[in-house]
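Chains, contacts and geometry: an overview
Here is what each chain is made of, one letter per residue.
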Amino acid sequence: MGSIITNAQLAADKISTDFVLQQRRISFDKNMREKIIEASFQLKPDSSNEDKFREACWAISQFLFRSNTIESGFRKMFAVYASLETGTRRALLEAVYGVYPTEFREEINKLLQKESDPRLFAMQAVYLYRIDSSIRQKEALLRLRSQLFPDHAVNLILAELENYFEKQAAFMTKPPPDLISLFLNQKKLGVKIVYSFQRWNRDYPGMAIVQNADGSFVKNADGTVASFQQLARSASNLPYFITNGSTPQGIYSIQGTAVSHNNFIGPTPNLQLIMPNETDSLYWHTVYDSSKTELDNYLQLLPKNWKDYEPMREVFMAGKIGRTEIIAHGSTIDPAYFKGKPFYPLTPTMGCLCAKELWDIYSGKFLESHQFGLANSFLATPDNKGYLLVINLDNQPKAVEKEELKKIVEAFEKTNYASIR
C-alpha cells in the first residue's frame, strides 16, 4: 500500500487569479489578435518595428493561430530574413514550425542553403525532415551541414541533430527497459521521485505519479494510485534539443516548489526543476564523483539496465546545449484555443511539463487542478526535493491512462520491495 494524501501542505481556497476571469480573457484575446498580431503584420518589417514582429511570432507560436494575415506576415519576414536579428529569425522559424508544417518548405529550403547559425540551421533542417524523412533527404541535410559547418562534430546542437536523424525513428518503435527496476532503484537514490510517463507523440497527454522516499507510491483515499495529467508538448513541438521544443526525456532535479509571477503559468505552486548541466552544484541529491565525467555521474542515477537506454540522455544533452528553465507547472491559458487538438483541454507551453487546470471564469478559482494534486502529493511527506523522470512509454495515439500506470505499480508492489526498503 502507498501513503494516503492526508498531510496536504497547500490550501485550495487560497489559490485564485483574475487572469482567468471572463472579461480579462476577452480583453486579452482582443489585444493579442488585433494589436499584437494583426496591427504588427500590416507593417513592413524593419529595424524600427522588428520587435513587434518578434512578439507577434511568439503569440502565434504559443496559441497556434493561423490566418491569411499571419501567412502574409510570415512571407514579409522571410523576404527580409537576412536583415532580421537572430532572435527574430528564431521566433519566425519556431512559429512556422508550430503552425505551418508544410507551407513554407520552399522558403526554408532556400534559407538552409546558406545558413550560418547552427541553431537556426537545426530548426530549418528538422522542419524539412518532418516533411520528408527519407534516407535520401537525411543524407542531403547532413551533407549540407558538413559543408556549411566544418566543425559540426564538436558543435553540440549539430551533433545532436545528427543523432536525432539517425536514431529517433528506431527509438519510437522499441519499449523502454523494465519499469519495475526503475522503481526499485529509488531505494539507492533515497529521495522522492515523480515519474512523468508520456507518449513519443506529444500531441497526447501523459500522466505523473509520485513515489515516496520509502519506496511506496502516493495513493488516493480509495487506495488507487494518485495520478495527474501532464502535457510534455511545447506549443511549437520542436524536438527536445532545441530551445522551446517539447520536454526532453530524462532525469530532472526537483528543488522544491514555488509560485510563479507569470500569468500564463498561474498561481498554483509548481515544481522547480533543474536540468543536468544547468546548475550542477544544486542538481545532485547524491554524492557527485569528481573522478568521473558528468555523464557517468548522471547515468549513476539509473539502474544498470537503463544506463545504455539513450532516450534518457535527452535532458542531459539538452542542458549541455543550453536549454534551461523547464519546470512542472499549471496553466491559466484558456483551453478553448486548442479545442479539437488531441491534448485538449490541456495547454502546451514553451517546453515545460504542464498539468491540467480548469478555472472558474467568474470566481478566479480552479475547478480542477492536477497541478495542485501533484504538488500536494509531493509535499505530503517530509522534504521538498527529489528527482523527476520523464519517460516515453510507447507511441500509441492516445493519452496515457490511469489503468496503464495502475498495472505497472501493482506489478512493482508484488515484488518484495517492502523488505528491501
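Everything quoted here is computed from the prediction, not taken from an experiment.

**Topic: the overall build of the protein**
Scanning the protein from N- to C-terminus turns up 15 helices and 10 strands. A globule of 421 residues ought to have a C-alpha radius of gyration of about 22 Å, and the protein, at 22 Å, matches this closely. Counting only C-alpha atoms and orienting by the principal axes, one finds that the protein spans roughly 65 × 55 × 35 Å. Out of the 421 residues in the protein, the part that is buried amounts to 54%. Taking contacts inside the protein between residues at least 6 apart in sequence as the whole, the part at least 24 apart equals 71%. Looking at the protein as shown, the accessible area adds up to about 18,200 Å², and 50% of this sits on carbon and sulfur atoms.

**Let's talk about the pairing of strand E4 (residues 250-258)**
Of all nine residues in E4, seven are buried, a share of seventy percent or more. As defined by bridge partners, E4 adjoins strand E10 (residues 386-394) across five bridges and the pair is classed as antiparallel. In the sheet register, Ser-253 faces E10, and the bridge partner there is Tyr-387. Across four bridges, the pairing between E4 and strand E5 (residues 270-274) is antiparallel.

**Topic: the environment of Gly-364**
Position of Gly-364 among the secondary structure elements: in the loop between strand E8 (357-359) and strand E9 (366-369). Once the C-alpha coordinates of Gly-364 and Asn-395 are considered, the two residues, 31 residues apart in sequence, prove to be 37 Å apart. In contact with Gly-364, other than residues within four places in its own chain, are Ile-15, Ser-16, Thr-17, Val-20, Leu-21 and Trp-359.

**What to know about the pairing of E9**
As paired strands, E8 and E9 are joined by three bridges and run antiparallel to one another. Within E9, the residue paired with Glu-357 across the bridge is Ser-369. Connecting E8 to the next strand, E9, in antiparallel fashion are six residues, including Gly-364 with a positive phi near 85°.

**Focus on unusual backbone geometry**
Following Tyr-344, the chain continues into Pro-345 via a peptide bond in cis, with omega recorded as 10°. If you trace the backbone, Pro-345 turns up in the loop between strand E6 (328-329) and strand E7 (353-355). In the Ramachandran plot, Asn-244 falls in the positive-phi region, its phi being about 70° despite a non-glycine side chain. Along the chain, Asn-244 turns up in the loop between strand E3 (228-231) and E4. On the accessibility criterion, Asn-244 (10% relative accessible area) is buried. Notably, Asn-277 is not glycine yet its phi reads approximately 75°, a positive angle. Following the sequence through the fold, Asn-277 ends up in the loop between E5 and helix H11 (280-283). Asn-277 gets classed as buried once you look at its relative accessible area, which sits at 19%.

**Concerning the pattern of salt bridges**
Under the definition given, this model contains 20 salt bridges. We note a salt bridge from Asp-29 to Arg-33, for which the minimum N-O separation is 2.9 Å. One end of the pair is Asp-29 and the other is Arg-33, both in helix H1 (residues 22-41) and four residues apart, which spans about a single turn. Between Lys-167 and Glu-310 there is a salt bridge; the shortest N-O distance is 2.9 Å. Here Lys-167, found in helix H8 (residues 156-171), pairs with Glu-310, found in the loop between helix H12 (294-299) and helix H13 (314-321); they are 143 residues apart in sequence, far enough to count as distant. A cluster of three or more residues bridged by salt bridges with shared partners is formed by Glu-50, Arg-54 and Glu-85.

**A word on the packing of H8 against H13**
As a packed pair, H8 and H13 sit with axes 10 Å apart at the nearest point and diverge in direction by 155°. With respect to their mutual orientation, H8 and H13 come out roughly antiparallel. Once H8 is placed against H13, the crossing between them reads as left-handed. Residues Leu-156, Ile-157, Glu-160 and Gln-168 of H8 lie in contact with H13, whose contacting residues are Glu-314, Met-317, Lys-320 and Ile-321. Split by residue class, the contact of H8 with H13 holds four nonpolar, one polar and three charged.

Definitions and cut-offs
- Residues numbered from 1 in each chain as written.
- Predicted model: local features only at pLDDT ≥ 70, side-chain atom pairs only at ≥ 80, totals over all residues.
- Heavy atoms only, no water.
- Helix = DSSP H or I, 4+ residues; strand = E, 2+ residues; numbered from the N terminus.
- Rg over C-alpha atoms; globule rule 2.2 N^0.38 Å.
- Buried < 20%, exposed > 50% of the residue type's maximum accessible area, 1.4 Å probe, protein only.
- Contact = heavy atoms within 4.5 Å.
- Areas by Shrake-Rupley, 256 points an atom, 1.4 Å probe, with all protein chains shown as cover.
- Pairing = 2+ DSSP bridges.
- Salt bridge = Lys/Arg side-chain N within 4 Å of Asp/Glu carboxyl O.
- Axes fitted to C-alpha atoms, helices over the stretch in contact; angles between N-to-C directions.
- Parallel < 35°, antiparallel > 145°, perpendicular 65-115°, else oblique.
- Left-handed = near helix turned anticlockwise from the far one by under 90°.
- Nonpolar A, V, L, I, M, F, W, Y, C, P; charged D, E, K, R; others polar.

These figures capture arrangement, not role.
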